[in-house]
Amino acid sequence: MSITRRSARRSVRILGVASATAALALGVAGQALACNISEFKAEAKCDGDKGVIVVTDYDASATPAEITVFLENNGADAKQVGKPQKLKGSAEGTTVTFQEDWKPDATYRIRVKAGRVDDDITPNLVTQSTACKKEESSTPTAPASPKPKPSKSTPASTPTPSASESTSSAPAAPASNAPSPATGDSNLAETGANSNTGLIAGVAGALVVVGGGAVYFGMRRRGAKAGS
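Summarised in this report is the structure supplied together with it. This is a predicted model, so every value here is computed, not measured.

## Things to note about the overall build of the protein
Phase 1 of the analysis: In terms of helices and strands, the protein carries four helices and eight strands.
Phase 2 of the analysis: Looking at the protein as a whole, 18% of its 228 residues are labelled buried.
Phase 3 of the analysis: Counted over contacts in the protein with a minimum sequence separation of 6, partners at least 24 positions apart contribute 61%.
Phase 4 of the analysis: With the model as given, the accessible surface of the protein reaches about 18100 Å², and the carbon-plus-sulfur share is 57%.

Quick look at the structure:
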């Protein structure tokens, strides 16, 4: 065998080894840049008073990925949250958001399909112990003024008459059924006379007249007897 053929074979061997080494290096580098399940992260957050689940892909190779979220109950899938969402990762992180009004201490399983990866993010996502609350307004609202309660009606108190009024105004005498005396009889009442005074005066006058007549006739009879 000539020296030329030996040199040619040796050169081919060297090129083969170099090619294999390069291929191996490229393979290792490709595996280093390939998508890995550890590059995915899931979180339960609040969007106002609603809950959301956010999945972030930190895959620098930007391998297309599909994310599916399941609500777990006693180790089994209770329901699928929405539809699967697709994204491409980045070194800074690319996110997708699932609208899910999660309950406190709930468990979710996140499935990732990207290139050769078809696995769940471990451990499963467990939500926080406090539910999302609506953000309170910074401007406090004035409390509503309480309505006044209806007061019970109190009877009007009768005014007490003063001492001067009670002494000056004597109570009216009760009405009597007896007839009121005439105006002319008031003076007789004051002198002690009663309503029979006129009758007595008339009888006395008649007795005076009768007595005077008796005296007159008696004196005439005596005169007549003396003249005879």
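## Concerning the side chain of T68
Phase 1 of the analysis: Checked against the element boundaries, T68 lands in strand β3 (residues 64-73).
Phase 2 of the analysis: The exposure class assigned to T68 is buried, which follows from its relative accessible area of 11%.
Phase 3 of the analysis: Leave out the neighbours within four places in its chain, and T68 touches Q80, P84, R109, I110 and R111.

## Examining the nonpolar core
Nonpolar side chains tend to gather and get buried jointly when the protein is soluble and globular.
Phase 1 of the analysis: Counting residues in each nonpolar core, the largest one holds 24 residues, and the members touching the most others are F40, V55, I67, F98, Y108, I110 and V112.
Phase 2 of the analysis: Among the secondary structure elements, those contributing two or more residues to this core are β1 (40-47), β2 (50-57), β3, β4 (76-88), β5 (94-99) and β6 (107-114).

## What about a nonpolar patch on the surface?
Phase 1 of the analysis: The grouping of L199, V203 and L207 at the surface amounts to a nonpolar patch, some 320 Å² of accessible area in total.
Phase 2 of the analysis: By the element assignment, V203 lies in helix α4 (residues 197-227).

## Remarks on the pairing of β6
Phase 1 of the analysis: By the bridge criterion, seven bridges tie β3 to β6 in an arrangement that is antiparallel. Paired with V69 across the two strands is I110, which belongs to β6.
Phase 2 of the analysis: Of the strand pairs in this sheet, β6 and strand β8 (residues 125-126) are connected by two bridges, and their pairing is antiparallel. In the sheet register, Y108 faces β8, and the bridge partner there is L125.

## Some details on the environment of K86
Phase 1 of the analysis: By secondary structure assignment, the location of K86 is in strand β4.
Phase 2 of the analysis: Each C-alpha atom, one on K86 and one on T68, is 9.1 Å from the other, the two residues being 18 residues apart in sequence.
Phase 3 of the analysis: In this structure, K86 is in contact with A65, E66 and V96, ignoring residues within four places of it in sequence.

## Side note on unusual backbone geometry
Trans is the prevailing form of peptide bonds, just as negative phi is the prevailing case for residues other than glycine.
Phase 1 of the analysis: The linkage connecting T122 with the following residue, P123, adopts the cis geometry, with an omega of -5°.
Phase 2 of the analysis: Relative to the helices and strands, P123 resides in the loop between β7 (117-120) and β8.
Phase 3 of the analysis: Positive phi, normally seen in glycine, also occurs at A62, with a value near 55°.
Phase 4 of the analysis: Within the element layout of this structure, A62 appears in the loop between β2 and β3.
Phase 5 of the analysis: Positive phi, close to 55°, is recorded for N74, a residue that is not glycine.
Phase 6 of the analysis: Tracing the chain through its elements places N74 in the loop between β3 and β4.

## Side note on the environment of A76
Phase 1 of the analysis: Its location among the elements puts A76 in strand β4.
Phase 2 of the analysis: The spatial distance from the C-alpha of A76 to the C-alpha of R109 is 9.5 Å, given a sequence separation of 33 residues.

## Some words on the state of the cysteines
Phase 1 of the analysis: Enumeration over the complete set of coordinates arrives at one disulfide.
Phase 2 of the analysis: A disulfide bridge connects C46 with C132, and the sulfur atoms are separated by 2.0 Å. Residues C46 and C132 share a disulfide whose torsion about the S-S bond is about -85°; that sign makes it left-handed. Highlighted residues: C46 in strand β1 and C132 in the loop between β8 and α2 (163-168), separated in sequence by 86 residues.
Phase 3 of the analysis: You can call C46 partly exposed: its relative accessible area is 38%.
Phase 4 of the analysis: Relative accessible area serves as the criterion here: at 16%, C132 is assigned to the buried category.

The rules behind these values
Residues numbered from 1 in each chain as written. Predicted model: local features only at pLDDT ≥ 70, side-chain atom pairs only at ≥ 80, totals over all residues. Heavy atoms only, no water. Helix = DSSP H or I, 4+ residues; strand = E, 2+ residues; numbered from the N terminus. Buried < 20%, exposed > 50% of the residue type's maximum accessible area, 1.4 Å probe, protein only. Contact = heavy atoms within 4.5 Å. Areas by Shrake-Rupley, 256 points an atom, 1.4 Å probe, with all protein chains shown as cover. Core = buried A, V, L, I, M, F, W, Y, C linked by side-chain atoms within 4.5 Å. Patch = residues over 30% accessible without salt bridge, like charges linked within 9 Å, V, L, I, M, F, W, Y side chains within 5 Å. Salt bridge = Lys/Arg side-chain N within 4 Å of Asp/Glu carboxyl O. Pairing = 2+ DSSP bridges. Disulfide = S-S within 2.5 Å.

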